[in-house]
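# Structural characterization, general
Below, each chain spelled out in residue letters.
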Amino acid sequence: MPRSRPDPVQVVKQRRDAALSALVHGVPYIQFLGIEFDRRGDELTAILPYDDKLIGNPMIPAIHGGVTAGFLETTAVIGLAWASLWDDIEAGRFDMEELTRGHLPRLPKTIDFTLDYLRSGLPRDAYARARVTRSGRRYASVQVEAWQDQRDQPFAQAAGHFLMPARDE
Amino acid sequence: MQGDKSKFAEQFINLIPHCQALGMKLTGIGDGMAEMELPYSEQIVGDPETGVVHGGAVSALMDTCCGAAAMSHPSSPSGTATIDLRIDYMRAATPGQAIRTRAECYHITRSVAFVRATALDDDTEQPVATATGAFTVERK
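### Some points on the packing of helix 1 (residues 9-25) of chain A against helix 3 (residues 65-90) of chain A
Residue and element names in this part refer to chain A. Between helix 1 and helix 3, whose axes approach to 11 Å, the crossing angle comes to 145°. Of the two elements, helix 1 crosses helix 3, and the hand of that crossing is right-handed. The residues of helix 3 that touch helix 1, namely those facing Val-12, Arg-15, Arg-16, Ala-19, Leu-20, Leu-23 and Val-24, are Ile-78, Ala-81, Trp-82, Leu-85, Trp-86, Ile-89 and Glu-90. Split by residue class, the contact of helix 1 with helix 3 holds 11 nonpolar, no polar and three charged.

### Topic: the pattern of salt bridges
A full pass over the atoms with the stated rule returns 16 salt bridges over all chains. Note that A:Glu43 and A:Arg129 form a salt bridge whose closest N and O atoms lie 3.9 Å from each other. Of this pair, A:Glu43 sits in strand 2 (residues 43-48) while A:Arg129 sits in strand 6 (residues 126-135), placing them 86 residues apart in sequence. Salt bridges here are not isolated pairs; linked through shared partners, they connect A:Asp112, B:Arg86 and B:Asp88.

### Concerning the environment of B:Ala129
Residues and elements named next belong to chain B. Within the secondary structure layout, Ala-129 lies in strand 8 (residues 129-136). Using a relative accessible area of 0% as the deciding quantity, one classes Ala-129 as buried. The spacing of Ala-129 and Ala-103 is 26 residues in sequence and 12 Å in space, taken between C-alpha atoms. Apart from the residues within four sequence positions on either side, Ala-129 is in contact with Val-58, Met-62, Ile-87, Asp-88, Tyr-89, Met-90, Ala-117, Thr-118 and Ala-119.

### Section: the pairing of strand 6 (residues 99-108) of chain B
It is a general feature of regular strands that their side chains alternate between the two faces of the sheet. All names here are of chain B. Two elements, strand 2 (residues 33-38) and strand 6, share six bridges in a ladder whose sense is antiparallel. Within the sheet, the bridge partner assigned to Glu-35 lies in strand 6 and is Arg-102. Once strand 6 ends, the chain turns through three residues before running back antiparallel as strand 7 (residues 112-120).

Analysis parameters
- Residues numbered from 1 in each chain as written.
- Chains lettered and ligands numbered in written order.
- Predicted model: local features only at pLDDT ≥ 70, side-chain atom pairs only at ≥ 80, totals over all residues.
- Heavy atoms only, no water.
- Axes fitted to C-alpha atoms, helices over the stretch in contact; angles between N-to-C directions.
- Helix = DSSP H or I, 4+ residues; strand = E, 2+ residues; numbered from the N terminus.
- Left-handed = near helix turned anticlockwise from the far one by under 90°.
- Contact = heavy atoms within 4.5 Å.
- Nonpolar A, V, L, I, M, F, W, Y, C, P; charged D, E, K, R; others polar.
- Salt bridge = Lys/Arg side-chain N within 4 Å of Asp/Glu carboxyl O.
- Buried < 20%, exposed > 50% of the residue type's maximum accessible area, 1.4 Å probe, protein only.
- Pairing = 2+ DSSP bridges.

Right under this line is the structure:
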């Protein structure tokens, strides 16, 4: 059987970016914090641009621990949803029309989330990446790390457990 | 004396920009206990189809309330910072309802304050989330 030609690069990129954009921009809380995602192939980096409303301690000043928590949890949920949808996106099975009508795929639900605060979050942009360490039909485990100016000096790390949305067969 | 510290903690929390942005309010504080409230708003929704609040906003409420409880303990001289925080999500908060949390600093050493908290909506029988955390005890 002849191998089918791969899709043109623009088509592939457009499909990936549209799926990612729908996941990220459809959630009001992610918009409120101002989180964006940078994509290189299937690797995602979450970006939290600095804003005055993210400050927790105005005297230092430092980013609020709750903002750090929300940022890491968002990175974990989007990273997990992205990894679980990847095969469908690549195969063109992902329903783009549903997306443009504002129907998001069901997102994983957080069961628990444990954060370590390693340094205070400085008043500047922050970045985070998630690693799915276990992804089953029902449960998943994800680790997340966030940093600011220096990649090898994270200011927070987290581990969480998630309940995967039921897949309709 | 205790009253002064509670007043200080209250003023401090009401000045936190992120708490102001979320409309979070301190409703009670003293002797290692704190109570806070997060009103429902569209901007903190995590699931646009159901209107359920995002876990991150609940985390922000829990973190602030646990920190306030640690600061208000009689053996805590001043400020605090979160060392770690674990949040367990029991159920989705009901859309449209405020989330209230109560935190208790149940043990404190010279270096560490141990705190736990519960978050509830109008159904006070079943918690929305619980949290446990360790906080620093700043030296004077």
